[in-house]
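Here is what each chain is made of, one letter per residue.
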Amino acid sequence: MTNEADEFIGGWRALTLRSDAATLTMFPDKGADIYSFIDHRTGVDVLLKSPSGLREPGPWLRSQTSIERWMESYSGGWQVLLPNGGDECVEYGVNWNYHGEAALLPWTVQERDDSSVTLEVRLMSLPLHVRRTVSLRGGVLRLEETVTNESPEDLEFMWSHHPAFGAPFIEADCILSSGFRTLVADDQSPGTFLEPESTHDWPLVTTTSGDALDLSRVPGPDEPRAVLAYFTNMRAPFYAITNPRLNLGVGLRWSGDVFDKAWLWQEVHSGTGWPWFKRCYAIAVEPASTIPGHGMTHARSKGHRGVQLNGFASKQITIEAVLFEGSGVVANIHEGGAVDVG
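About the thresholds
- Residues numbered from 1 in each chain as written.
- Predicted model: local features only at pLDDT ≥ 70, side-chain atom pairs only at ≥ 80, totals over all residues.
- Heavy atoms only, no water.
- Helix = DSSP H or I, 4+ residues; strand = E, 2+ residues; numbered from the N terminus.
- Rg over C-alpha atoms; globule rule 2.2 N^0.38 Å.
- Buried < 20%, exposed > 50% of the residue type's maximum accessible area, 1.4 Å probe, protein only.
- Contact = heavy atoms within 4.5 Å.
- Areas by Shrake-Rupley, 256 points an atom, 1.4 Å probe, with all protein chains shown as cover.
- Salt bridge = Lys/Arg side-chain N within 4 Å of Asp/Glu carboxyl O.
- 1 Å grid on protein atoms, 1.4 Å probe; cavity = no way out; pocket = protein on both sides within 12 Å on 5 of 7 lines; lining within 4 Å.
- Points joined across faces, edges and corners; volume = space filled by probe spheres on them.
- Nonpolar A, V, L, I, M, F, W, Y, C, P; charged D, E, K, R; others polar.
- Pairing = 2+ DSSP bridges.
- Phe/Tyr/Trp six-rings, centres within 6.5 Å; stacked < 30°, edge-to-face > 60°.
- Patch = residues over 30% accessible without salt bridge, like charges linked within 9 Å, V, L, I, M, F, W, Y side chains within 5 Å.

A. Fine view of the overall build of the protein chain. Within the protein chain, the secondary structure is distributed over two helices and 26 strands. A compact globule built from 342 residues should have a C-alpha radius of gyration of about 20 Å, and the protein chain, at 19 Å, falls within 12% of that. Projected onto the principal axes, the alpha-carbon positions of the protein chain cover approximately 50 × 50 × 40 Å. For the protein chain, the proportion of its 342 residues judged to be buried stands at 58%. Put simply, of all contacts in the protein chain between residues at least 6 apart along the chain, 64% involve residues at least 24 apart. Total accessible area on the protein chain stands at roughly 13500 Å², and carbon and sulfur atoms take up 48% of it.

If you want it as structure tokens, here you go:
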């Protein structure tokens, strides 16, 4: 479906939704990526833009490994990871790519109006049909996504969403609030200062040197660090990042029955060599079904399960991203309630 009002950004067809408070742009032919989410009051796009930039469409997804193909495509923003998260693995007799295939496929636009768009895609690695409706009203981006098993066989898979935030929204002294009680460091790549598989009471963590560190304070670009860890022990499925200088916050709230965990990724000019070469300044908190983030096979080996979907059954998730004025710790952004900023 092509609309006379379609725009093109970097050669990609771009669908744009606008409200009085925000503008949202997504690429239907590039995994239905949400590329930008702009707050009108400040003019700030809260989503990350990869230091590698946005590559034009073309025959460039030819790298040898699936992680290289993912990074070729990655321009920042917000993706769905399905049916895998992290390292490639073999499931059901087929290779599951790094971060799955859904974010690399073109999606078909089914319906579209001034405030919403509905898209769908069918996967190859599993018989899954995915249908998503994205709408924008005021400063609230609402995403409803349904995954349907189109076969009679019961399936297990990973499912998560990967919204990443960057400058100019992210800067020193931003505050990360969370509805989770516990943070567990990754077992293989916990970053620069956490012991693998160490467990911490959010927001304070104990570093490898024995120091206490408050992870609710977002580091500035001149404070190199890397973190890969997982939020567990959910009190309520939400988080928020606030920028005191801009008096701007973005919060995510979601249905917690499928996504009862969240991945925490921070990359602050730390990673040497490929892919970042110390160029990336990002933070992501990713609602997720499964931990750790090294593929379905590894997660199962660590005693964690994926989404269980019976033959011909469906599961639906809802995520809302909310732009708001605020400068402190967010106490409640869950279930449509008012944003409570201390």
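B. Geometry of the pattern of salt bridges. This structure, assessed with the given rule, holds 20 salt bridges. For Lys30, the salt bridge identified is with Asp33, shortest N-O distance 2.9 Å. Across the pair Glu145 and Arg132 runs a salt bridge whose closest N-O atoms are separated by 2.8 Å. Remark: Arg132 occurs in strand 11 (residues 128-137) and Glu145 occurs in strand 12 (residues 140-149); sequence separation between them is 13 residues. Arg132 shares its class with Glu145; the two are buried. By sharing partners, the salt bridges in this structure join Arg142, Glu144, Arg253 and Glu320 into a single network.

C. Seen up close, the layout of surface pockets. Approximately 690 Å³ is the volume attributed to the largest pocket. Here the element with the most residues in the lining of the largest pocket is strand 21 (residues 261-268); it accounts for four residues. Residues belonging to the lining of the largest pocket are distributed by class as follows: 13 nonpolar, twelve polar and three charged.

D. View of empty space enclosed by the protein. This model, assessed by the stated rule, comprises one cavity of 30 Å³ or more. Space inside the largest cavity adds up to approximately 40 Å³. What lines the largest cavity is Lys30, Asp33, Trp70, Ser73, Tyr74, Gln79 and Ala103. Class assignment for the residues of the lining of the largest cavity results in three nonpolar, two polar and two charged.

E. Molecular detail of the pairing of strand 2 (residues 12-18). Judged by how many residues are buried, strand 2 sits mostly within the fold: six of seven residues are covered. By the bridge criterion, three bridges tie strand 1 (residues 7-9) to strand 2 in an arrangement that is antiparallel. In the sheet register, Phe8 faces strand 2, and the bridge partner there is Arg13. Taken together, strand 1 and the strand that follows it, strand 2, pair antiparallel across an intervening segment of two residues, in which Gly10 is found at a positive phi of about 60°. Relative to strand 3 (residues 22-27), strand 2 runs antiparallel, the two being bridged by four bridges. Residue pairing in the sheet places Thr16 in a bridge with Thr25 of strand 3. Here strand 2 folds back onto strand 3, and the loop between the two strands holds three residues.

F. Representation of the side chain of Thr242 in the model. Tracing the backbone shows Thr242 in strand 19 (residues 225-243). By relative accessible area, Thr242 is classed as buried at 0%. Contacts of Thr242, omitting those with residues within four sequence positions, involve Cys174, Ile175, Leu248, Gly249, Phe324, Gly326, Ser327, Gly328 and Val330.

G. Summary view of helix 1 (residues 66-73). Taken as a whole, helix 1 has its buried residues at Ser66, Trp70, Met71, Glu72 and Ser73. Those residues of helix 1 that are buried lie in contact with strand 6 (78-81).

H. Fine view of the packing of aromatic side chains. Evaluation of the coordinates by the stated rule reveals 14 aromatic pairs. Note on Phe165 and Phe169: the rings are 6.5 Å apart at their centroids and 65° apart in plane angle, and the pair reads as edge-to-face. Since its relative accessible area comes to 0%, Phe169 is described here as buried. Relative to Phe231, the ring of Trp202 lies with its centre 4.9 Å away and its plane at 75°, an arrangement referred to as edge-to-face.

I. Seen up close, the pairing of strand 6. The two faces of strand 6 match: Trp78 and Val80 on one face and Gln79 and Leu81 on the other face are all buried. For strand 6 and strand 14 (residues 160-166), the ladder comprises four bridges, and the chain directions are antiparallel. The residue bridging Val80 from the neighbouring strand is His161, located in strand 14.

J. Focus on a nonpolar patch on the surface. A cluster of nonpolar side chains, contributed by Ile67, Trp274 and Phe277, occupies part of the molecular surface with about 310 Å² of accessible area. Mapping Phe277 onto the fold places it in the loop between strand 21 and strand 22 (281-288).

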